[in-house]
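Descriptive structure summary
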Amino acid sequence: MRTIDHAGTYKLGDRQVRRLGYGAITRAKPDDVAAATGQVIGGVSPVGHPRPVVTVIDESLAGYPDLYAAAGTHDTIFRTDFAALVALTGARIVTTSAS
């Protein structure tokens, strides 16, 4: 399982995602998400998974002073910033937004 964190104001670019080198990437099915993260779609936190999850973070998120991420349930979030999110997840910073 791999996750891509990006700003919702940008379209996730298929070409940019393919360039990440992870092979084919498809939208995960709800059961697969729950099995890999222990969390439900709409509430998947970038941290706290039962097994390591490869995470990439789009560089566009660095332009926001505050970031809000799901906190493991569909109705909880936590506030963080770009540097802390990268440190928490061990994510690779990439460009995934379509121009």
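Attention here is on the structure that accompanies the text. (Residues numbered from 1 in each chain as written. Predicted model: local features only at pLDDT ≥ 70, side-chain atom pairs only at ≥ 80, totals over all residues. Heavy atoms only, no water.)

1. A short note on helix H3 (residues 82-89)
Within the sequence span of H3, burial applies to Phe82, Leu85, Val86 and Thr89. One side of H3 holds all its buried residues, which, seen down the axis, span an arc of 100°. Structural note: H3 exposes Ala83, Ala87 and Leu88 on the side pointing more than 90 degrees away from its buried face. Of the surrounding elements, those touching the buried residues of H3 are strand E2 (54-58), strand E3 (67-70), strand E4 (77-80) and strand E5 (92-94). For H3, the capping residue at the N-terminal end is Asp81, with a side-chain oxygen 3.3 Å from the backbone nitrogen of Ala83. Immediately downstream of H3, the backbone of Gly90 shows phi near 70°, a positive value. (Buried < 20%, exposed > 50% of the residue type's maximum accessible area, 1.4 Å probe, protein only. Helix = DSSP H or I, 4+ residues; strand = E, 2+ residues; numbered from the N terminus. Arc of directions from axis to C-beta. Contact = heavy atoms within 4.5 Å. Polar contact = N/O pair within 3.5 Å; in protein donor to acceptor, adjacent residues only side chain to side chain.)

2. Focus on helix H2 (residues 30-37)
Regarding H2, the residues found buried are Val33, Ala36 and Thr37. The arc that holds every buried residue of H2, seen down its axis, measures 80°, which confines them to one face. Of the exposed residues in H2, the ones pointing more than 90 degrees away from its buried face are Asp31 and Ala35. Two residues or fewer after H2 comes Gly38, characterised by a positive phi angle close to 75°.

3. Some points on the nonpolar core
The tendency in soluble globular proteins is for nonpolar side chains to be buried as a group. Counting 7 residues, the largest nonpolar core is built from Ile57, Leu61, Leu67, Phe82, Leu85, Val86 and Ala91. Considering every element that reaches this core, the biggest residue donor is H3, with 3 residues. Leaving out residues up to four positions away in the same chain, Phe82 has contacts with Ile57, Asp58, Leu61, Ala62, Leu67 and Ile93. (Core = buried A, V, L, I, M, F, W, Y, C linked by side-chain atoms within 4.5 Å.)

4. What to know about the side chain of Thr89
Following the sequence through the fold, Thr89 ends up in helix H3. On the basis of relative accessible area, Thr89 is assigned to the buried category, the value being 17%. Looking at Thr89, its side chain comes within polar contact range of the main-chain oxygen of Leu85, at 2.8 Å.

5. Observations regarding the pairing of E3
The side chains of a regular strand alternate, residue by residue, between the two faces of the sheet. In the sheet, E3 pairs with E4 via 4 bridges, with the strands oriented antiparallel. Bridging across to E4, Ala69 finds its partner in Phe78. A loop of 6 residues connects E3 with E4, the two strands running antiparallel in sequence, and Gly72 in this loop sits at a positive phi of about 105°. (Pairing = 2+ DSSP bridges.)

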